[in-house]
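What follows is each chain in one-letter form.
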Amino acid sequence: MLLGLVSAIIAGTLVGLQNIFNSKVNEKAGSWATTVLVLGLGFLASFILGLFFEGSQMFNLQNMKPWYWFSGLLGIGVITGIVQGIRYLGPTFAISIVLTSQLGFAVLWDSLGLMGLEKVPFTTKQLAGVLFIIGGVIVFKWSEFRKVDQATKLNQNSKKATAS
């Protein structure tokens, strides 16, 4: 379990870092160039590392359902969606929505046993957990709106004072 926790923390850290890099690339190169760069370099690195660590076993795909082969295509939507989300919402809010969405759909897919997953009964604890995270995102964004609103009021008051 400890290895799983450490792996998940490392993955979360890397995803956060990758999203920052992706948004910076997107500022200069655009969404499609960013997607090509990210997925292209990811393919190259995965291919080389796969050959090094697994050798020819990397290509042993006989027991896999063919539609699972296309999961990499979902990366196009993931990268494009996150880059655009960060562009319009900012990194923290966009990633919090992405993570909340991931958790919500993971609970749904687990509960329904979709795509070959072992069916996990849906509980009120799971619902409470998802709602708690959604509430956290709302509180986070609400506090941000209050700061912007206060800054706007201060700006308006200083303009009125200057005009008087």
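No experiment lies behind these values; they were computed from the predicted model shown.

Enquirer: Just give me the short version of the packing of helix 2 (residues 31–54) against helix 3 (residues 71–89), but keep the residues and values in it.
Expert: At a minimum axis distance of 10 Å, the contact between helix 2 and helix 3 shows a crossing angle of 130 degrees. The angle between the axes of helix 2 and helix 3 places the two elements in the oblique class. Crossing handedness for the pair helix 2 and helix 3: right-handed. Here Ser-31, Trp-32, Thr-34, Thr-35, Val-38 and Leu-39 of helix 2 lie close against helix 3, whose contacting residues are Gly-75, Ile-76, Ile-79, Thr-80, Val-83 and Gln-84.

Enquirer: Give a description of the environment of Asn-19 that names residues and reports values.
Expert: By the element assignment, Asn-19 lies in helix 1 (residues 2–29). Judged by relative accessible area, which is 4%, Asn-19 ranks as buried. Setting aside residues no more than four positions away along its own chain, Asn-19 makes contact with Ile-82, Ile-86 and Ile-95.

Enquirer: Would you mind going over helix 4 (residues 91–112) in detail, with residue names and values included?
Expert: Over its 22 residues, helix 4 extends 31 Å from the first C-alpha to the last, a length consistent with the 32 Å expected when each residue adds 1.5 Å. Regarding helix 4, the residues found buried are Phe-93, Ala-94, Ile-95, Ser-96, Thr-100, Val-107 and Ser-111. Two residues or fewer after helix 4 comes Gly-113, characterised by a positive phi angle close to 65 degrees.

Enquirer: Give a description of the side chain of Thr-100 that names residues and reports values.
Expert: Relative to the helices and strands, Thr-100 is located in helix 4. The class for Thr-100 is buried, based on a relative accessible area of 13%. Each residue touching Thr-100, except ones within four places of it in the same chain, is listed here: Ile-133, Ile-134 and Val-137.

Rules used in this analysis
- Each chain carries its own residue numbering, running from 1 in the written order of its sequence.
- For a predicted model such as this one, the threshold for reporting local features is a pLDDT of at least 70, and the threshold for listing and counting side-chain atom pairs is 80 or more; totals across whole chains, interfaces and linings nevertheless cover every residue.
- To get the side-chain values, all heavy atoms of the structure are used, and hydrogens and water are removed first.
- Here, axes are lines fitted to C-alpha atoms. For helices the fit covers the stretch in contact, and angles between N-to-C directions go from 0 to 180 degrees.
- Secondary structure elements are taken from DSSP: a helix is a run of H or I of four residues or more, a strand is a run of E of two residues or more, and numbering for both begins at the N terminus.
- Should an angle fall under 35 degrees it is called roughly parallel, over 145 degrees roughly antiparallel, and 65 to 115 degrees roughly perpendicular, with every other angle called oblique.
- By definition, any crossing whose near helix is turned counterclockwise from its far helix by less than a right angle is left-handed, and any crossing with a clockwise turn is right-handed.
- Throughout, a contact is declared for two residues whenever any of their heavy atoms are within 4.5 Å.
- Categorising residues by exposure relies on relative accessible area from a 1.4 Å probe, with only protein chains included: less than 20% of the type maximum marks a residue as buried, more than 50% marks it as exposed, and the intermediate range marks it as partly exposed.
- Expected helix span is taken as 1.5 Å per residue step, with the number of steps being one fewer than the number of residues.

Function-wise, these values are silent; they only describe arrangement.
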